[in-house]
Amino acid sequence: MSDNRLSVFKTYKLYVGGKFPRSESGRVYEVTDSKGKWLANAPQSSRKDARDAVVAARKAFGGWSGATAYNRGQILYRIAEMLEGRKDQFVREVADAEGLSKSKAAAVVDAAIDRWVWYAGWTDKIGQVVGGANPVAGPFFNLSTPEPTGVVTVLAPQKSSFLGLVSVIAPVIATGNTAVVVASADSPLPALSLGEVLATSDLPGGVVNILSGKTAEIAAPLASHQDVNAIDLTGADAALAKELEIAAADNLKRVLGPQPVDEGGAFDWSADPGTHRLTAFLETKTVWHPTGALGTSGSSY
C-alpha cells in the first residue's frame, strides 16, 4: 500500500426526514477538538432547516405515536445493537469532542448504549406506572392512560456530546413523541453520526431530526413555532432559556428547564436518570366508560 495515499475526510450532514441534506443556507463551520485541532466542517443550520425539521417530525408523528409500545421498544433496541457495532467510531468522536482518553471515552459510549437499552425497556412499561384505573362513584370505569405530547424540540447538552445526547433523545421517542434535536454547537459530530445509525435502523424517517449550528439561532424559531408542542431546554444557558421559555408560551408549549449543575459547573449524566424525562412529554387521557346498570342485586351483566 502506498504511503502517499490521501485520507478520505468524512462529510457530515444534517439528518432531516430520514435524509441527509446540507444546510439550506450552504453554510458550514469548523469543528475542533479540545486542543483546537480541526476535525471537520459541520453544516450550520438555518431557520429554514429548523422549519423543515418540524414538518418532517409532524409528518412522522401519526405513525410513530400509533405504533405499539412493544414495537417502539424493539426499534429502540435495534438502534442500540447498531450503536454497539459502531462503537469504535463513537469512541473516537467522543474522545475528540470531550478531550477524554480512549478508555474513558469507551466507558462513556458503553454507558450511552446501556442508557439507550434502558429506555427501550421502558416503552411498554411507563403506561402502567403513570396510568391506571381510577376509583369513582357510579357505574363507570374511569381509566387514565398516557399519550405523547407531539413534536418536541430538544436542545442537546453542550458538554456531554453522546451520553447526554442519548439521555435526552431516547426518552422523548420512547414515549411516542417525535423530535427535532439541536446538537451541541461545539461538539456536534457524535450527534450527526447518530443520525447515520438512525437512518439505517428501523426508525421511521422524521421521528428524529438532527440539526447542527448555533444553538440560539436554531432554537429561536423552534421555540416560537406553532406546530412544536414542547421544548427541552437542557442545552441552553440561563439567558437563552429565559428567552425561549417566553417564546414557547405563545402556544402553551410544555417546557422542560435546563438541568441543575454541580459545583464543577456540569451535570452528571452518568447518574440514575429516573423516569422524569419519560413523563415530561406525556399527556394524560382519561376515559369514562359505563359498566351497565347496577341494581341492589348486583351487576346486570
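Look a little higher up for the structure.
Peer 1: Quick question: what am I supposed to make of the sheet that holds strand β10 (residues 282-290) here?
Peer 2: Picture the strands of a sheet paired through backbone hydrogen bonds; they go either parallel or antiparallel. Ordered in space as β3-β4-β10, the three strands form an open sheet in which the pairing is antiparallel. Edge strands, defined here as strands with exactly one partner in the open sheet, are β3 (132-133) and β10. Of the pairings in the sheet, the one linking β3 to strand β4 (residues 140-148) comprises two bridges and is antiparallel in character. Looking at β4, one finds that Ala133 is bridged to Leu143.

Peer 1: Help me understand the packing of helix α3 (residues 87-98) against helix α7 (residues 189-199), please; the structure alone is not making it clear to me.
Peer 2: Packed helices, taken two at a time, are described by the angle their axes make and the gap between the axes. It is at 9 Å that the axes of α3 and α7 come closest, and there the two elements cross at 160°. In terms of their interaxial angle, α3 and α7 are classed as roughly antiparallel. Crossing angle aside, the handedness with which α3 passes α7 is left-handed. Facing Gln89, Phe90, Glu93 and Val94 of α3, the residues of α7 in contact are Leu189, Pro190, Ser193, Leu194, Glu196 and Val197. Taken together, the residues of the contact of α3 with α7 break down into six nonpolar, two polar and two charged.

Peer 1: Sorry if this is basic, but what is going on with the environment of Ser184 here?
Peer 2: As for its position among the elements, Ser184 is in the loop between β6 (178-182) and α7. Taking the C-alpha atoms as reference, Ser184 lies 19 Å from Glu24; in sequence the two are 160 residues apart. In terms of polar contacts, Ser184 uses its side chain to reach the backbone amide nitrogen of Ser187, at 3.1 Å.

Peer 1: What is the right way to look at the pattern of salt bridges in this model?
Peer 2: Pairing between side chains of opposite charge can happen when their charged atoms approach one another. Inspection of the entire model under this criterion finds twelve salt bridges. Asp52 serves as the salt-bridge partner of Lys48, at 3.0 Å between the closest nitrogen and oxygen. Here Lys48 pairs with Asp52, and both are found in helix α1 (residues 47-66), just four residues apart, close to one helical turn. In this structure, Asp227 engages Arg58 in a salt bridge whose closest nitrogen and oxygen atoms are separated by 3.1 Å. Here Arg58 lies in helix α1 and Asp227 lies in the loop between α8 (215-223) and β8 (230-232), a separation of 169 residues in the sequence. By relative accessible area, which is 27% here, Arg58 ends up partly exposed. Salt bridges linked by common partners bring Lys10, Arg86 and Glu196 together as one network.

Peer 1: Can you walk me through the packing of aromatic side chains in this structure?
Peer 2: By the definition in use, this model includes seven aromatic pairs. Seen from their ring centres, Phe90 and Phe162 are 4.7 Å apart, and the 15° between their planes marks the pair as stacked. Of this pair, Phe90 sits in helix α3 while Phe162 sits in the loop between β5 (151-155) and α6 (163-174), and the two are 72 residues apart along the sequence. In this pair, the class of Phe90 matches that of Phe162, namely buried. Chaining the aromatic ring pairs together yields one cluster made of Trp118, Tyr119 and Trp122. If you follow Arg58 out to its NZ or CZ, it ends over the ring of Phe61, 5.6 Å from the centre.

Peer 1: Even after reading the chapter, I still don't get empty space enclosed by the protein, so can you show me in this structure?
Peer 2: Using a probe with the size of a water molecule, rolled over the atoms, empty space left in the structure can be pinpointed. Throughout the structure, instances matching the rule amount to one cavity of 30 Å³ or more. For the largest cavity, the calculated volume is near 30 Å³. Val31, Thr32, Leu39, Glu93, Ala97, Asp186, Ser187, Leu189 and Pro190 together form the lining of the largest cavity. Those elements that place two or more of their residues in the lining of the largest cavity are β1 (28-32), α3 and α7. Here the residues of the lining of the largest cavity are counted per class, giving five nonpolar, two polar and two charged.

Peer 1: Looking at this structure, I do not really get the side chain of Thr153. What am I missing?
Peer 2: Along the chain, Thr153 falls in strand β5. The contact partners of Thr153, leaving out residues within four places of it in the chain, are Val180, Leu222, Val228, Ala230, Ile231 and Asp232.

Peer 1: What is the right way to read the sheet that holds β6 from this model?
Peer 2: Read across the sheet, five strands follow the order β7-β6-β5-β8-β9 without closing on themselves; strand pairing throughout is parallel. If you trace the sheet from one side to the other, it starts and ends with β7 (208-211) and β9 (254-256), each paired once. Averaged over all pairs of adjacent strands, the angle between strand axes in this sheet comes to 15°, irrespective of strand direction. Strand direction decides the pairing type here: β6 and β7, joined by four bridges, are parallel. Bridge pairing in β7 links Ala179 to Val208.

About the thresholds
Residues numbered from 1 in each chain as written. Predicted model: local features only at pLDDT ≥ 70, side-chain atom pairs only at ≥ 80, totals over all residues. Heavy atoms only, no water. Pairing = 2+ DSSP bridges. Helix = DSSP H or I, 4+ residues; strand = E, 2+ residues; numbered from the N terminus. Axes fitted to C-alpha atoms, helices over the stretch in contact; angles between N-to-C directions. Parallel < 35°, antiparallel > 145°, perpendicular 65-115°, else oblique. Left-handed = near helix turned anticlockwise from the far one by under 90°. Contact = heavy atoms within 4.5 Å. Nonpolar A, V, L, I, M, F, W, Y, C, P; charged D, E, K, R; others polar. Polar contact = N/O pair within 3.5 Å; in protein donor to acceptor, adjacent residues only side chain to side chain. Salt bridge = Lys/Arg side-chain N within 4 Å of Asp/Glu carboxyl O. Buried < 20%, exposed > 50% of the residue type's maximum accessible area, 1.4 Å probe, protein only. Phe/Tyr/Trp six-rings, centres within 6.5 Å; stacked < 30°, edge-to-face > 60°. Lys NZ or Arg CZ within 6 Å of the ring centre and 35° of its normal. 1 Å grid on protein atoms, 1.4 Å probe; cavity = no way out; pocket = protein on both sides within 12 Å on 5 of 7 lines; lining within 4 Å. Points joined across faces, edges and corners; volume = space filled by probe spheres on them.

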